[in-house]
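Next come the chains, spelled out residue by residue.
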Amino acid sequence: MDLRIFTEPQQGASYETLLTVAKASEDLGFDAFFRSDHYLKMGSADGLPGPTDAWITLAGLARETKRIRLGTLMTAGTFRLPGVLAIQVAQVDQMSGGRVELGLGAGWFEEEHKAYGIPFPKEKFARLEEQLAIVTGLWATETGRTFSYDGTHYQLADSPALPKPAQSKVPILIGGHGAKRTPRLTAQYADEFNLPFASIEDTDRQFARVRAAAEAVGRDADDLVYSNALIVCVGKDDAEVARRAASLGREVGELKVNGLAGSPDEVVDKIGRYGAVGSSRIYLQVMDLDDLDHLELISSQVQSQLS
């Protein structure tokens, strides 16, 4: 079971804070550092000092880390033109020496689009499908050849399809709860399917849909990585769990139901139950980015049991 650190910087984090967490994640043996792609805080957080751009952040981290993989859950398709996104991700992959993964989603948070003057189209899923075709098509085009695309939402003519990523194939992540279109797109384009904030029972059902979609297009369902994203709140005793839950504005009981919360042994047991339905990777949503002791505890007493 791979454990990856997943952050939500729109809730309030500077680049320096993210760099500190990414370096700590690498030093503590976690598999990857991922971040969300949002420009506006949610809920009661103050959001200070303000948003950071996902791919600018990852470019900086690419030069400041050595081993840990870097990516997004999920890059919002509404924020970037697909040709530009292909260039950005390829460049950051080069800067990292081939450690980048691209999670790409349709975009959903209308308020942040209004706040920063970003168009929020009514039909987002069809745009996402074209974006996936373009990004993967640009990267797959042989050097010296050109790439063209004539879609409903995007048109490219004789693109040189450069630059190329350092990796021969940048892993693509697609995720979500959709019962039909999401599994279909996953089967066609993804290397990993991620289900965020779902119960074990819902995970089992959605993984089955994705596996069926893969088989329907003649793909081995085991070619895909299946993963979950879940909030994490671990403590060495009940008092520490309660303190960390309070800092999140959440109740311990609710976190135990809807996330990974409790003692290290409780969290290991629940991770095992996700593993039993097919998950091989967990993105731990870490909300208090100043609590590095939390990361150390997870590393030493949760990750160590899963190795």
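Structure shown above.
**Student:** Give me the packing of helix α5 (residues 125-140) against helix α6 (residues 181-189): which residues, what numbers.
**Tutor:** Where α5 contacts α6, the two axes come as close as 11 Å, and the packing angle between them is 5°. Judged by the angle between their axes, α5 and α6 are roughly parallel. Facing F125, L128, E129, L132, A133 and T136 of α5, the residues of α6 in contact are R181, T182, R184, L185, Q188 and Y189. Its residues assigned to classes, the contact of α5 with α6 comprises 6 nonpolar, 3 polar and 3 charged.

**Student:** Please set out the layout of surface pockets residue by residue, giving values where relevant.
**Tutor:** Looking at the largest pocket, its volume works out to about 1,300 Å³. Here the residues of the lining of the largest pocket are counted per class, giving 20 nonpolar, 19 polar and 8 charged. Roughly 200 Å³ of volume is contained in the second largest pocket. Taken together, 14 residues form the lining of the second largest pocket, with G77, T78, P121, R127 and Y154 sitting closest to its centre.

**Student:** Could you give me a rundown of the pattern of salt bridges, with the residues and numbers involved?
**Tutor:** Under the defined criterion, the tally for this structure stands at 21 salt bridges. R80 is paired through a salt bridge with D37; the nearest N and O atoms lie 2.8 Å apart. Here the residue R80 occupies a position in the loop between β4 (75-76) and α3 (82-96), and D37 occupies one in the loop between β2 (32-35) and α2 (54-64), the gap between them amounting to 43 residues. Look at R80 and you get buried, because its relative accessible area is 8%. In this structure, the salt-bridge partner of D291 is R244, at a minimum N-O distance of 2.6 Å. Of the two residues, D291 is situated in the loop between β12 (281-286) and α11 (292-306) and R244 in helix α8 (residues 238-248); the sequence distance between them amounts to 47 residues. Judged by relative accessible area, which is 12%, D291 ranks as buried.

**Student:** Give me the lowdown on the nonpolar core, citing residues and values where you can.
**Tutor:** Membership of the largest hydrophobic core comes to 74 residues, with the highest contact counts inside it found for L3, F33, W55, L102, W139, L284 and V302. With 8 residues, the single largest contributor to this core is α5. Non-local contacts of W55, meaning those with residues more than four positions away in its chain, are made with T72, T75, R80, L85, V89, V92, V100, E101 and L102. Grouped together as the second largest cluster of nonpolar side chains are 7 residues, F6, F34, L173 and Y283 included.

Definitions and cut-offs
Residues numbered from 1 in each chain as written. Predicted model: local features only at pLDDT ≥ 70, side-chain atom pairs only at ≥ 80, totals over all residues. Heavy atoms only, no water. Axes fitted to C-alpha atoms, helices over the stretch in contact; angles between N-to-C directions. Helix = DSSP H or I, 4+ residues; strand = E, 2+ residues; numbered from the N terminus. Parallel < 35°, antiparallel > 145°, perpendicular 65-115°, else oblique. Contact = heavy atoms within 4.5 Å. Nonpolar A, V, L, I, M, F, W, Y, C, P; charged D, E, K, R; others polar. 1 Å grid on protein atoms, 1.4 Å probe; cavity = no way out; pocket = protein on both sides within 12 Å on 5 of 7 lines; lining within 4 Å. Points joined across faces, edges and corners; volume = space filled by probe spheres on them. Salt bridge = Lys/Arg side-chain N within 4 Å of Asp/Glu carboxyl O. Buried < 20%, exposed > 50% of the residue type's maximum accessible area, 1.4 Å probe, protein only. Core = buried A, V, L, I, M, F, W, Y, C linked by side-chain atoms within 4.5 Å.

Read these as layout, nothing more, since geometry by itself doesn't imply function.
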